[in-house]
Amino acid sequence: MTRKRRRLLLVLACGAGLGSAVALTLSALSADVTFFLLPAAVMAKDPPPSQIFRLGGLVQRGSVVKTEAGGRPLIRFAITDGKAAVPVRFRGVLPDLFREGQGIIALGHLAPGGVFVASEVLAKHDANYMPPAVEAALKKDGLWNPAAGPPPPPATWDTMNPAKPAAKGS
Amino acid sequence: MPRRLQIVAVILYEGFVEFTAPVAEPAPRRVGGRLHRFANPGRFLRLSGRVLPWLAWPGAILTAAGLVWGFAFSPPDWQQGETVRILYVHVPAAWMASAGYAGLAVASLFSLVWRHPLADLAAAEISPVGAGFTALCLVSGSLWGAPEWGTWWVWDARLTSVLVLFFLYLGHVVLVRAFDNPERGYRAGAILALIGAVDLPIIHYSVQWWNTLHQGNSISLIGPSRLYITMLWPLLIASLGFTLVFAAIVTARLRAAVMERRIRALLQSRAEAAEVVA
């Protein structure tokens, strides 16, 4: 075995060892690496009020109630993952992207009544990028009803020409 | 001890001795073979001198074209509005941060296994550039996160793994230059770079393996793009531009390093000759 070959084998052996060690560590720690819990996981775990965690999911449609208390906005809504929903109470300013059906992450704790009291709300956005003209065209052609759910998959619009349906309509 | 374990132990020990053995000065180098053809500094300088303008000019033009198209002529996003334009800087910078580290790891492999002198220099010259692109990715991402997510920074898996990549780059920059004997620095840096390469798949898959605040990947080699076509084009053009600019900066730095090494050797031999005369 030449020295080069031995060095190569050594590097490969160390790489394989390190790779599997990291993979095992990460899979063991995956509960901690996860940035937020979905409502179903929260229901299953039922964390005590002393535990602060992040709750993530979609803002349930029709659940948002905005009021004001003591000069600061008080917002009540529910976060859902389709399997379970957790009611949330938040005092403060919401990010611009907050709306019904939007993915959000709230930091806080589960109060004894089962209401999640949030101290911070972050908005998630998806990896789809669509111009407003395409959004308008999709709605106009009846391909997307915002009240019914998220936009259709990008493959159906990522090369569509929004000028065409408009021309057809006029 | 079982026989197989014994063999593994011997290989590990020999490898340890191999990598940590004191380096003779000047290090003996066997020049020859296909790989070492480019170790000839004269040949490298001639070749790279010819290639450099073909990296630098198209790189600058494509970067400028992609960014101008992205900033001024591409449509806004239906939910993010004009803020989406940060994408045309952030995504190419992020890609170059990872691609640059892959280049660093390959150079380190050649440096460690084949002791290729040009790979030593290449690794030392890639890491500062990669650190710069990673910093650009982190800063632009933070500026994007503030209005859209509502926060400058969170410790989710994607952001954290990219921050680790930034520190790996910085560690490599420092480690390579930390030894009096440059050979030792190259070796230590190569080992660090190869260990750090485990971060690359973590960065890429972090958004799929775990719940993160960062959204998933918009572009994959398989499957349709999740960007509208007039947003995809400027992104791809800017990315190609960033790639060429990265390659041009590294090539220019590598040329400077080779010339520096030549000048140092020349001065040393002159000084030695003067000593002999005196």
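Owing to the predicted nature of the structure, the values given are computational and were not obtained by experimental measurement.

A.B. asks: I tried to follow the overall build of chain A on my own but got confused; where do I start?
C.D. replies: Scanning chain A from N- to C-terminus turns up five helices and six strands. Secondary structure elements in chain A, listed N-terminal to C-terminal, are α-α-α-β-β-β-β-β-β-α-α. C-alpha extents for chain A along the principal axes are approximately 75 × 55 × 30 Å. Long-range contacts, defined as pairs at least 24 residues apart, comprise 47% of the intrachain contacts of chain A with a sequence gap of at least 6.

A.B. asks: I keep staring at the overall build of chain B and nothing clicks. Help me out?
C.D. replies: A tally of regular secondary structure across chain B gives eight helices and zero strands. Counting only residues that meet the buried cut, chain B has 39% of its 278 residues in that class.

A.B. asks: Looking at this structure, I do not really get the interface of chain A and chain B. What am I missing?
C.D. replies: As a measure of interface size, the accessible area lost when the parts come together is often cited. Contacts between chain A and chain B engage 39 residues on the former and 41 residues on the latter. Put simply, the parts of the chain that give the side of chain A that touches chain B at least two residues each are helix 1 (3-28), helix 2 (30-33), strand 6 (116-123) and helix 4 (132-140) of chain A. Among the elements that line the side of chain A that touches chain B, the one with the most residues is helix 1 of chain A, at ten residues. Looking at the side of chain A that touches chain B residue by residue, the class counts come to 23 nonpolar, eight polar and eight charged.

A.B. asks: Any chance you could explain the environment of His214(B) here in plain terms?
C.D. replies: Residues and elements named next belong to chain B. Among the structural elements, His214 can be located in the loop between helix 7 (199-209) and helix 8 (229-277). In sequence terms His214 and Asp156 are 58 residues apart; their C-alpha atoms lie 7.6 Å from each other. With sequence-adjacent residues up to four places away left out, His214 is seen in contact with Asp156, Arg158, Leu159 and Val207.

A.B. asks: What should I look at first to understand the domain arrangement of chain A in this one?
C.D. replies: Domain assignment breaks chain A into domain 1 (3-32), domain 2 (34-123) and domain 3 (132-162). The C-alpha centroid of domain 3 of chain A is placed 46 Å from the C-alpha centroid of domain 1 of chain A.

A.B. asks: Just to check I follow, could you spell out the confidence of the model for chain B for this structure?
C.D. replies: Do not read the predicted coordinates in detail wherever pLDDT is low. Residue and element names in this part refer to chain B. Here chain B averages 87 in pLDDT, while 87% of its residues score no lower than 70. Per-residue pLDDT, averaged within each element of chain B, yields its smallest value for helix 1 (residues 3-20) (66) and its largest for helix 3 (residues 87-113) (96). For residues 24-32, every residue scores under 50 in pLDDT, and the model assigns this stretch five contacts once sequence neighbours within four places are set aside.

A.B. asks: Would you take a moment to explain the packing of helix 5 (residues 157-176) of chain B against helix 6 (residues 182-196) of chain B for this structure?
C.D. replies: Helix packing for two helices is described by the angle between their axes and how far apart those axes are. Residue and element names in this part refer to chain B. Viewed as axis vectors pointing N to C, helix 5 and helix 6 meet at an angle of 165°, and their least axial separation amounts to 8 Å. Regarding the angle of helix 5 to helix 6, the classification is roughly antiparallel. Of the two elements, helix 5 crosses helix 6, and the hand of that crossing is right-handed. Across from Leu168, Gly171, His172, Leu175 and Val176 in helix 5, the residues of helix 6 making contact are Gly185, Tyr186, Ala188, Gly189, Leu192, Ala193 and Gly196. Its residues placed into classes, the contact of helix 5 with helix 6 shows seven nonpolar, five polar and no charged.

A.B. asks: I keep staring at the environment of Leu138(A) and nothing clicks. Help me out?
C.D. replies: Residues and elements named next belong to chain A. By the element assignment, Leu138 lies in helix 4. The spacing of Leu138 and Pro152 is 14 residues in sequence and 8.8 Å in space, taken between C-alpha atoms. Discounting residues that sit within four places of it in the chain, Leu138 has contacts with Leu143, Trp144, Pro151, Pro152 and Trp157.

A.B. asks: Looking at this structure, how should I read helix 3 of chain B?
C.D. replies: An α-helical turn contains 3.6 residues, so any two residues separated by three or four positions project in the same direction. Residue and element names in this part refer to chain B. With 27 residues, helix 3 should reach 39 Å at 1.5 Å per residue; the first-to-last C-alpha distance of 39 Å fits that figure. Among the 27 residues of helix 3, 22 are classified as buried, and the element is accordingly described as predominantly covered. One or two steps after helix 3, the chain reaches Arg115, where phi turns positive at roughly 50°.

A.B. asks: Could you clarify how one ought to interpret the packing of helix 2 (residues 41-73) of chain B against helix 8 of chain B in this entry?
C.D. replies: Residues and elements named next belong to chain B. Direction vectors running N to C along helix 2 and helix 8 enclose 150°, while the axes themselves pass 6 Å from each other. Considering the angle they form, helix 2 stands roughly antiparallel to helix 8. Along this stretch, helix 2 crosses helix 8, giving a crossing that reads as left-handed. In terms of residue class, the contact of helix 2 with helix 8 is built from 26 nonpolar, seven polar and two charged.

A.B. asks: Please explain the pairing of strand 2 (residues 65-69) of chain A as it appears in this structure.
C.D. replies: Side-chain direction in a regular strand flips from residue to residue, so the side chains alternate between the two faces of the sheet. Residues and elements named next belong to chain A. Among the five residues that make up strand 2, zero are buried, leaving the element largely open to the surroundings. Sheet analysis places strand 2 next to strand 3 (residues 72-80), joined by five bridges and oriented antiparallel. Looking at the pairing, Lys66 lines up with Ile75 of strand 3. Count of turn residues in the strand 2/strand 3 antiparallel hairpin: two residues, of which Gly70 carries a positive phi of about 65°.

A.B. asks: I tried to follow the nonpolar core on my own but got confused; where do I start?
C.D. replies: If you look at soluble globular proteins, the nonpolar side chains tend to sit buried side by side. Core analysis: the largest hydrophobic core is formed by 97 residues, its most contacted members being Val88(A), Ala106(A), Ala97(B) and Ala123(B). The leading source of residues in this core is helix 3 of chain B, at 15 residues. When residues of this core are sorted by domain, at least three fall in each of domain 2 (34-123) and domain 3 (132-162) of chain A. Not counting the four nearest positions on each side in its chain, Ala97(B) is found in contact with Gly130(B), Phe133(B), Thr134(B), Cys137(B), Val162(B) and Leu165(B).

Cut-offs and rules
- Residues numbered from 1 in each chain as written.
- Chains lettered and ligands numbered in written order.
- Predicted model: local features only at pLDDT ≥ 70, side-chain atom pairs only at ≥ 80, totals over all residues.
- Helix = DSSP H or I, 4+ residues; strand = E, 2+ residues; numbered from the N terminus.
- Contact = placed C-beta atoms within 7 Å.
- Buried ≥ 20, exposed ≤ 12 C-beta atoms within 10 Å, placed from the backbone.
- Nonpolar A, V, L, I, M, F, W, Y, C, P; charged D, E, K, R; others polar.
- Domains from an automatic or database assignment.
- pLDDT = per-residue confidence, 0-100.
- Axes fitted to C-alpha atoms, helices over the stretch in contact; angles between N-to-C directions.
- Parallel < 35°, antiparallel > 145°, perpendicular 65-115°, else oblique.
- Left-handed = near helix turned anticlockwise from the far one by under 90°.
- Expected span 1.5 Å × (residues − 1).
- Pairing = 2+ DSSP bridges.
- Core = buried A, V, L, I, M, F, W, Y, C linked by C-beta atoms within 7 Å.

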